[in-house]
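Analysis of the macromolecular model
These are the residues of each chain, in order.
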Amino acid sequence: MKQNILLGKIKVIVRLINEMLDDSTFSEQQRHVLQTLFANTRHLVALIGQHDITETSSDLLRHKLGNLMTPLRGYADVLVHERSGPLTDQQHVLAQQLADGVESLCTELTSTVRQPHDPAHTR
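We now turn to the structure provided with this report.

**Re the packing of helix α1 (residues 2–22) against helix α2 (residues 28–50)**
With their axes 10 Å apart at the nearest point, α1 and α2 run at an angle of 160° to one another. Classified by the angle their axes make, α1 and α2 are roughly antiparallel. Where α1 crosses over α2, the two elements pack in a sense that is left-handed. Residues Q3, L6, L7, I10, I13, V14, I17, N18, M20 and L21 of α1 form the contact with α2, whose own contacting residues are R31, L34, Q35, L37, F38, T41, L44, V45 and I48. A per-class count over the contact of α1 with α2 returns 14 nonpolar, four polar and one charged.

Below you can see the structure in the form of structure tokens.
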């Protein structure tokens with residue numbers, strides 16, 4: 001069940017990345033950022049597909065998921081804050097939607113695979 005929620009959030013992110021890549025007005029540097037986001041998203045899908053993502057997931061799996069989420073957050077931030085070049089108003093809207101989607105995915109993953117010593121885990 002949680003896999004479907006996570007994969008649904010990833011699907012939204014991939015749709016936004018594809019929409020942005022289809023927009024020829026993004027600079028070469030911005031397109032590189034988007035392609036990197038897409039590649040990291042594919043790795044995340046593969047990892048989620050290979051494992052049962054639950055509260056009892058191993059520390060190693062938690063670590064791998066975190067390692068994949070860090071660049072997703074970072075590259076989304078690069079776009080939104082125009083560190084890869086200026087954005088038009090429409091591009092900024094898409095970049096913000098992408099960043100919001102990545103953050104929503106991070107929140108869902110964190111709530112799904114909490115550390116056993118996390119006080120929220122006992123609630």
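Once the structure has been displayed, the description carries forward.
**Regarding α2**
The end-to-end C-alpha distance of α2 is 33 Å, a good match for the 33 Å that 23 residues give at a rise of 1.5 Å each. Buried residues of α2: Q30, V33, L34, T36, L37, N40, T41, L44, L47 and I48, and no others. Tucked into the core, α2 has its buried residues touching α1, α3 (59–80) and α4 (89–112).

**Comments concerning the nonpolar core**
Ranked by internal contacts, the top residues of the largest apolar core, which has 33 residues, are L34, L44, L65, L98 and L109. Contributions of two or more residues to this core are made by α1, α2, α3 and α4. The residues touching L109, leaving out its near neighbours within four places in the chain, are L6, L44, I53, L65 and M69.

**Re the environment of K11**
Here K11 shows up in helix α1. Spatially, the C-alpha atoms of K11 and G101 are 9.7 Å apart, while their sequence positions differ by 90 residues.

Basis of the calculations
Residues numbered from 1 in each chain as written. Predicted model: local features only at pLDDT ≥ 70, side-chain atom pairs only at ≥ 80, totals over all residues. Heavy atoms only, no water. Axes fitted to C-alpha atoms, helices over the stretch in contact; angles between N-to-C directions. Helix = DSSP H or I, 4+ residues; strand = E, 2+ residues; numbered from the N terminus. Parallel < 35°, antiparallel > 145°, perpendicular 65-115°, else oblique. Left-handed = near helix turned anticlockwise from the far one by under 90°. Contact = heavy atoms within 4.5 Å. Nonpolar A, V, L, I, M, F, W, Y, C, P; charged D, E, K, R; others polar. Expected span 1.5 Å × (residues − 1). Buried < 20%, exposed > 50% of the residue type's maximum accessible area, 1.4 Å probe, protein only. Core = buried A, V, L, I, M, F, W, Y, C linked by side-chain atoms within 4.5 Å.

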